[in-house]
Amino acid sequence: MVKLMEKKIIDFLEKNEIGIKIIEHERIETCKEQAKKAKVSQNAIAKSLLFKTKDNKFILVVGPGDKSVNKKKLSKILDKDLELATANEVKDIADCNPGAVYPFGNLMNTKTYLDKSLLKSKKIYFSPGSHKKTIEISNEDYIDLVNPEIIEFEKKQKKKESTLGLNVTREENFSEWYTQVIQKSEMADYTQVSGCIVFRPYSYRIWEKVQEYVDKRLKEMGVKNAYFPLFIPEKLLVKEQDHVEGFSPEVAWVTHAGNSKLNEKLAVRPTSETIMYDSYKKWIRSYRDLPLRLNQWNNVVRWEFKYAVPFLRTREFLWHEGHTVFATKKEADQEVIDILNLYEDCFKELYAIPVIKGKKSNKEKFAGADYTTSVEIFLPNNKAIQGATSHALGQNFAKSFDIIFLDENSKKRYPWQNSWAITTRSIGIMIMMHGDDKGLVIPPRVAPIQVVIVPILFEKTKKQVLKKAEEIKELLDEFSVELDDREDYTPGWKFNEWELKGVPIRIEIGPRDLKKNQAVIVRRDTGEKIFVKIKDLKEQVRTISNKIHENLYNKAKKFMEKNQVTAETWEEFKQYARDRKMIKALHCGKEECEDWIKHKTTGVKTLNIPFDSPKNVKGKCIHCDKKAKYWINFAKSY
Ligand code: 86X
């Protein structure tokens, strides 16, 4: 039993690409003994206790090994009547002995509470359900993985603020901040299906704007939309071996209709190469049928076992997938870049996010492709993320799907294929990139509400002020404007709400402004107040919208540049990895070497080889000393 638990925990950490160190020692019973035998400091040990609430729910409480937990005090802090779980209950819930409870509530379906003082140490230590082992993990990885609610054993808890605002800062606990932002701003919500979220109207509208932009650009390029089935027969899915390899555990299958078993089970599409190329093979006969360039807007399902992060990593997500076929490699190569530029524009022009364009390493490229290009983004929690990809599939799929065309000389040839996608992950990237301690900050070009008008209403002047507010709304008809004329909320309350929802521009108008023929513009990104004559309002909203966009873009760019470093030695590299930098370094291009780097630095991976990185590659690989092939970026990443 113990062995099983231990394996489950280590597998879980590995699946999530968390780097750990395992310390083996003699059997220990207490944290004091553990500190001694594992040679770690006692206040860095995560002591985990399972508690039961009055209504029979279990919660996990994690604190430093040198602090005792007072049940009464804790009950008060959490406002729950707590009892320590019995040995049998611990077995049931955590599958281990009470003395060996591990700090991962997500592995026992319980919520995790973490005492803030444990975060003082960069590394924390815990028993993996065993008395003879201690595992080391960085506190950042731990928080990312578990998303605990942070509490303070010692101090009296602040009363939770009204449910409207956020009760954690972005700096304090990034993942909790993110969870609160997306829910309280009504962007998304969790559902009964683990790993699947609702895209509420406020986030779906953003997706629509991205769709409008991308769809228009694709049509201008000559790409047509189509729709292929959601279901893929097993035989088709496994046709291109490199493509499915490694992915098969993620495929969701339909096996039954009502009570009767299907003759052949059907995959819910994880991506549509196979179902589309089976049609392409029938449609492509001669060079006259090329290029064939189709795109579809759809959903896909990948049953991942990594912890889900709304928008960034969910089991079902929305995207568009383009699949194109060309007679020549040259045309295909050109399109890979054209599409990548489209994605860059999409991030830059809509989301106000700078990207790094480049080519993936062999390890990180799509296995079915000759080469993969990507746009990579560096987020404020010092993690990198892939924003979109554009693949050159070469002739790989053509060969396994028998896609053959007759060229001008009636010679049989395999065509050259590409595929590319941008997904609803981009919404999450935008939220993380620009949001602040008040909530969302949405760049104007994707904002569902671009301007909110908050009239300052007093009994005597209400009528005139509202009338003016209406006029302003009409004046600004080229923007999406919301007039918040609710009378049962104070202006202050409304300001908070619209700030939480990230509306880029707020216009305030009150009786005094009326007299002066002016209104007040307040920028969401800087909080700056600008007094504007009504007649100049339209022009000013245009100008300020653009300024907000520029400011958000520049801020993101500065942050990225501030965190971009170049490592000359392996020692330097390791230090930068600990500092969570984006590290440029020479690399040999070998997959095993990348594996080692990832292992030794607790999860640092390659992003891409930037197109503008120096071409004069002289020197040795940062890690293995073999001859270097290229300069490539490394970072912890999603
Ligand atoms: C890779 C490749 C590619 C079209 C794109 O990145 C752009 C749009 N597709 C997608 N990929 C898989 O091929 C895949 C396959 C299976 Cl069977 C799976 F279960 C999950 C997958 N995930 C990603």
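Use the structure listed above.
Residues numbered from 1 in each chain as written. Predicted model: local features only at pLDDT ≥ 70, side-chain atom pairs only at ≥ 80, totals over all residues. Heavy atoms only, no water.

Regarding its fold elements, the protein chain presents 19 helices and 32 strands. Taking 26 Å as the expected radius of gyration for a compact globule of 638 residues, we find that the protein chain reaches 28 Å, a close match to that expectation. Taken along its principal axes, the extent of the C-alpha atoms in the protein chain is 85 × 75 × 65 Å. Each of the 638 residues in the protein chain was classed as buried or not, and the buried ones make up 54%. Of the contacts formed within the protein chain by residues at least 6 apart in sequence, a portion of 68% connects residues at least 24 apart. Total accessible area on the protein chain stands at roughly 30,200 Å², and carbon and sulfur atoms take up 50% of it. Across the protein chain, 113 positive and 92 negative side-chain charges occur, with their mean positions spaced 2 Å apart. (Helix = DSSP H or I, 4+ residues; strand = E, 2+ residues; numbered from the N terminus. Rg over C-alpha atoms; globule rule 2.2 N^0.38 Å. Buried < 20%, exposed > 50% of the residue type's maximum accessible area, 1.4 Å probe, protein only. Contact = heavy atoms within 4.5 Å. Areas by Shrake-Rupley, 256 points an atom, 1.4 Å probe, with all protein chains shown as cover. Lys, Arg positive; Asp, Glu negative; His and termini not counted. Charge placed at Lys NZ, Arg CZ, Asp CG, Glu CD.)

Attention now goes to the environment of arginine 269. Relative to the elements of secondary structure, arginine 269 occurs in the loop between strand 14 (260-268) and helix 10 (273-283). C-alpha of arginine 269 to C-alpha of proline 380: the two residues are 111 residues apart in sequence and 33 Å apart in space. When residues no more than four places from it in sequence are discounted, the contact partners of arginine 269 are Tyr227, Phe228, Pro229, Leu230, Ile232, Asn298, Asn299, Val300, Val301 and Glu321. At 2.9 Å, the side chain of arginine 269 forms a polar contact with the side chain of tyrosine 227. At 3.2 Å, the side chain of arginine 269 forms a polar contact with the backbone oxygen of phenylalanine 228. (Polar contact = N/O pair within 3.5 Å; in protein donor to acceptor, adjacent residues only side chain to side chain.)

Let us look at the site of the ligand. Not every one of the 18 residues close to the ligand is listed here, only the nearest: His243, Thr271, Glu273, Arg302 and His391. The contact in question runs from a nitrogen atom of the ligand to an N or O atom on the side chain of threonine 271, over 2.8 Å. Histidine 391 is positioned such that a nitrogen or oxygen atom in its side chain is 2.7 Å from an oxygen atom of the ligand. Protein contacts shield 95% of the accessible area of the ligand, which totals 510 Å² for the unbound molecule. Among the elements of the structure, helix 9 (241-244), strand 16 (316-326), strand 19 (384-394) and strand 22 (416-423) are those that each provide at least two residues to the shell around the ligand. Per-class residue counts for the shell around the ligand are 8 nonpolar, 6 polar and 4 charged. (Near = heavy atom within 4 Å. Nonpolar A, V, L, I, M, F, W, Y, C, P; charged D, E, K, R; others polar.)

Right, let's talk about the pattern of salt bridges for a bit. For the coordinates displayed, the defined rule picks out 49 salt bridges. One salt bridge in this structure joins aspartate 345 and arginine 217, with 3.0 Å as the shortest N-O distance. A residue pair is termed long-range when its members are at least 10 positions apart, and aspartate 345 in helix 11 (residues 329-350) and arginine 217 in helix 7 (residues 201-221) qualify at 128 residues. Residue classification places arginine 217 among the partly exposed residues on the basis of a relative accessible area of 23%. A salt bridge links aspartate 525 to arginine 523, with the nearest nitrogen and oxygen atoms 2.7 Å apart. (Salt bridge = Lys/Arg side-chain N within 4 Å of Asp/Glu carboxyl O.)

A few words on the packing of helix 7 against helix 13 (residues 425-434). Closest axis-to-axis distance for the helix 7/helix 13 pair is 10 Å, and the angle between their directions is 110 degrees. Looking at the two axes, helix 7 sits roughly perpendicular to helix 13. Remark: the crossing between helix 7 and helix 13 carries right-handed chirality. Together, Ser203, Ile206 and Trp207 of helix 7 and Ser426, Ile427 and Met430 of helix 13 make up the contact between the two elements. Partitioned by chemical class, the residues of the contact of helix 7 with helix 13 number 4 nonpolar, 2 polar and no charged. (Axes fitted to C-alpha atoms, helices over the stretch in contact; angles between N-to-C directions. Parallel < 35°, antiparallel > 145°, perpendicular 65-115°, else oblique. Left-handed = near helix turned anticlockwise from the far one by under 90°.)

Strand pairing within a sheet occurs via backbone hydrogen bonds; the two strands may be parallel or antiparallel. Read across the sheet, 5 strands follow the order 4-2-3-5-8 without closing on themselves; strand pairing throughout is mixed. Edge positions in the sheet fall to strand 4 (82-84) and strand 8 (149-151), since each of these pairs with one other strand and no more. Between one strand axis and the next, the sheet turns by 35 degrees as a mean value, whatever way the strands run. Here 4 bridges tie strand 3 (residues 58-64) to strand 5 (residues 111-115), and the two strands are oriented parallel to one another. Across the sheet, isoleucine 59 pairs through a bridge with lysine 111, a residue of strand 5. (Pairing = 2+ DSSP bridges.)

As for its placement among the helices and strands, threonine 601 is situated in the loop between helix 19 (591-600) and strand 30 (604-606). Judged by its relative accessible area of 7%, threonine 601 is buried. Engagement of the side chain of threonine 601 in a polar contact is seen with the backbone nitrogen of valine 604, the distance being 3.3 Å. When sequence neighbours within four positions are dropped, the list of residues in contact with threonine 601 reads Trp570, Phe573, Ala577 and Lys636.

Looking now at a negative patch on the surface. Together, Glu470, Glu474, Asp477, Glu482 and Asp485 make up a negatively charged patch on the protein surface. Within the element layout of this structure, glutamate 470 appears in helix 14 (residues 462-475). (Patch = residues over 30% accessible without salt bridge, like charges linked within 9 Å, V, L, I, M, F, W, Y side chains within 5 Å.)

What follows deals with empty space enclosed by the protein. Tallied over the entire structure, the rule returns 2 cavities of 30 Å³ or more. Put simply, the largest cavity is a space of about 170 Å³. What lines the largest cavity is a set of 15 residues, among which Asn16, Glu17, Ile18, Lys383 and Ser637 lie closest to the centre. Considering only enclosed or pocket space, the second largest cavity measures out at about 40 Å³ in volume. What lines the second largest cavity is Lys329, Ala332, Asp333, Asp370, Tyr371, Ala392, Gly394, Trp416, Gln417 and Asn418. Contributing elements (two or more residues each) for the lining of the second largest cavity: helix 11, strand 19 and strand 22. (1 Å grid on protein atoms, 1.4 Å probe; cavity = no way out; pocket = protein on both sides within 12 Å on 5 of 7 lines; lining within 4 Å. Points joined across faces, edges and corners; volume = space filled by probe spheres on them.)

To continue, consider the nonpolar core. Tyr102, Phe104, Met187, Phe311 and Ile431 are the most contacted members of the largest nonpolar core, which has 91 residues in total. Of all the elements, helix 11 adds the most residues to this core, at 7 residues. Discounting residues that sit within four places of it in the chain, methionine 187 has contacts with Ile182, Val198, Phe199, Arg200, Tyr202, Ser203, Ile206, Phe311, Ile427, Ile431, Leu440 and Ile442. (Core = buried A, V, L, I, M, F, W, Y, C linked by side-chain atoms within 4.5 Å.)

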